[in-house]
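What follows is the residue order along each chain.
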Amino acid sequence: MNDRIYVDSPMVAEPKPFDFRESFDFFGDTDFISQAPSNAIDVQFSKSMVELQDACHPLCMDLMKLLGMGLELDDEDYFVRRSKWLQDNKSPSYKTFRALYYPAIPENIEIPVGQARVKEHSDHGFITLLFQDDTGGLEVRDREGNWIAADPIHGSIVVNIGDLLEFWSGGYLRATKHRVLIPELEIQKRISRQSIVYFLHPDSQTTLSPLPSKLIKKYHFSSILSGDFAEAKLAGVKSY
Ligand SMILES: O=C(O)CCC(=O)C(=O)O
Ligand SMILES: [Fe+2]
């Protein structure tokens, strides 16, 4: 499961609003990168990305513990225990570390009405760590449906709840809807934006069964493997 995926978004010639960005995903076991010769630029880039990804793991562990405590689970390590990839890079999981680049929009391209850098969506996984530069444009939706600007705060990251955690918690925790708009100021429209996102998923073999939490009153499902849930999401299945 060694994979690096480059996704190139079309910049022009799409009739409807499209996502205006490029991304580079690190998925699966990344050990092969540290063994690669270190002269090529993309290898340097990859090594830095993997270093940053690994550096996130103590934080991932803390956040998982906090979620366990917040849900009043007797075992506060409930989520940590189901994410063996935190210690063992080879433990299969759909976790994905993504570098995003939103190119400056050239002056000769008219920005269509409704054009976003990323359209409204929620992420598929457990939680997402989101690092953004100081360009701005990221917005999150609250429970009342209002959009709130998640303005960049130096030294901070945004943590979003994903579809998998919404499902696993029987809807008690809601997946955060978010989008990235093109800021109004003309000058800002013509600069690029960068962000890095870390989509966390439990180990693929983890069974998502009702959580032992007194806070969750009702469940509408019995169980599914985390890997099957992620596959279904990637295949566009909407019912989860
Ligand atoms: O670039 C951002 O700030 C958000 C990216 C995002 O939401 C995503 O890739 O799922
Ligand atoms: Fe997202």
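Coordinates for the structure precede this section.
Calculation criteria
Residues numbered from 1 in each chain as written. Chains lettered and ligands numbered in written order. Predicted model: local features only at pLDDT ≥ 70, side-chain atom pairs only at ≥ 80, totals over all residues. Heavy atoms only, no water. Near = heavy atom within 4 Å. Polar contact = N/O pair within 3.5 Å; in protein donor to acceptor, adjacent residues only side chain to side chain. 1 Å grid on protein atoms, 1.4 Å probe; cavity = no way out; pocket = protein on both sides within 12 Å on 5 of 7 lines; lining within 4 Å. Sits in = over half its atoms within 2 Å of the grid points. Helix = DSSP H or I, 4+ residues; strand = E, 2+ residues; numbered from the N terminus. Nonpolar A, V, L, I, M, F, W, Y, C, P; charged D, E, K, R; others polar. Pairing = 2+ DSSP bridges. Expected span 1.5 Å × (residues − 1). Buried < 20%, exposed > 50% of the residue type's maximum accessible area, 1.4 Å probe, protein only. Arc of directions from axis to C-beta. Axes fitted to C-alpha atoms, helices over the stretch in contact; angles between N-to-C directions. Core = buried A, V, L, I, M, F, W, Y, C linked by side-chain atoms within 4.5 Å. Contact = heavy atoms within 4.5 Å. Phe/Tyr/Trp six-rings, centres within 6.5 Å; stacked < 30°, edge-to-face > 60°. Points joined across faces, edges and corners; volume = space filled by probe spheres on them.

### Some thoughts on the site of ligand 1
Lining the immediate surroundings of ligand 1 are 13 residues, of which Tyr102, His121, His178, Arg193 and Ser195 lie closest. At 3.0 Å from an oxygen atom of ligand 1 is found a side-chain nitrogen or oxygen belonging to Arg21. Contact distances for ligand 1 include 2.5 Å between an oxygen atom and a side-chain N or O atom of Tyr102. The cavity that encloses ligand 1 is the largest pocket. Where the shell around ligand 1 is concerned, the elements lending two or more residues are β3 (96-102), β9 (178-181) and β10 (193-199). A breakdown of the residues in the shell around ligand 1 according to their chemical character gives 6 nonpolar, 3 polar and 4 charged.

### As for the pairing of strand β6 (residues 138-141)
Pairing between β6 and β9: 3 bridges, direction antiparallel. Following the sheet pairing, Leu138 is matched in β9 by Val180. Linkage of β6 to strand β7 (residues 147-149), two consecutive antiparallel strands, is achieved through a turn of 5 residues, within which Gly145 is found at a positive phi near 95°.

### Some details on helix α3 (residues 57-70)
An α-helical turn contains 3.6 residues, so a residue and the one three or four places further along point in the same direction. When the terminal C-alpha atoms of α3 are compared, their 20 Å separation across 14 residues agrees well with the 20 Å that a helix rising 1.5 Å per residue should span. Among all positions of α3, only His57, Cys60, Leu63, Met64, Leu67 and Gly68 are buried. An end-on view of α3 places all buried positions within 140° of arc, on one side of the element. Turned more than 90 degrees away from the buried face of α3 sit Pro58 and Leu66, all of them exposed.

### A look at the sheet that holds β9
Taken together, the 4 strands give an open sheet; going across it, the order is β4-β9-β6-β7, and neighbouring strands pair in antiparallel fashion. A single partner strand is all that each edge strand has here, and the edge strands are β4 (116-121) and β7. Looking at each pair of strands side by side, their axes are set apart by 30° on average, direction ignored.

### As for the nonpolar core
Looking at soluble globular proteins, one finds that nonpolar side chains tend to be buried together. Ranked by internal contacts, the top residues of the largest apolar core, which has 37 residues, are Cys60, Met64, Phe79 and Phe126. Among the elements of the structure, β2 (22-28), α2 (41-55), α3, α4 (78-81), β3, β5 (127-132), α5 (163-168) and β10 are those that each provide at least two residues to this core. Once residues lying within four places of it in the same chain are set aside, the contact partners of Phe79 are Met64, Leu67, Gly68, Leu71, Leu73, Phe126, Leu165, Trp168 and Leu211. Core analysis: the next-biggest nonpolar cluster, separate from the first, contains 10 residues, Leu100, Tyr102, Val118 and Val197 among them.

### Quick look at the packing of aromatic side chains
Summed over all chains, the structure comprises 14 aromatic pairs. Here Phe126 and Trp168 contribute two aromatic rings whose centre-to-centre distance is 6.0 Å and whose plane-to-plane angle is 65°, an arrangement assigned as edge-to-face. Here Trp168 lies in helix α5 and Phe126 lies in the loop between β4 and β5, a separation of 42 residues in the sequence. Grouping residues by exposure puts Phe126 and Trp168 together as buried. Measuring from ring centre to ring centre gives 5.0 Å for Phe167 and Phe229, while their planes differ by 40°; the resulting arrangement is tilted.

### As for the layout of surface pockets
Of the voids in this model, the largest pocket is the one considered here, and its volume is about 600 Å³. Residue lining of the largest pocket: 30 residues in total, with Asp25, Arg98, Asp123, His124 and Phe199 positioned closest to the centre. Elements with a minimum of two residues in the lining of the largest pocket: β2, β3, β4, β5, β9, β10 and α7 (226-234). Here the residues of the lining of the largest pocket are counted per class, giving 13 nonpolar, 9 polar and 8 charged.

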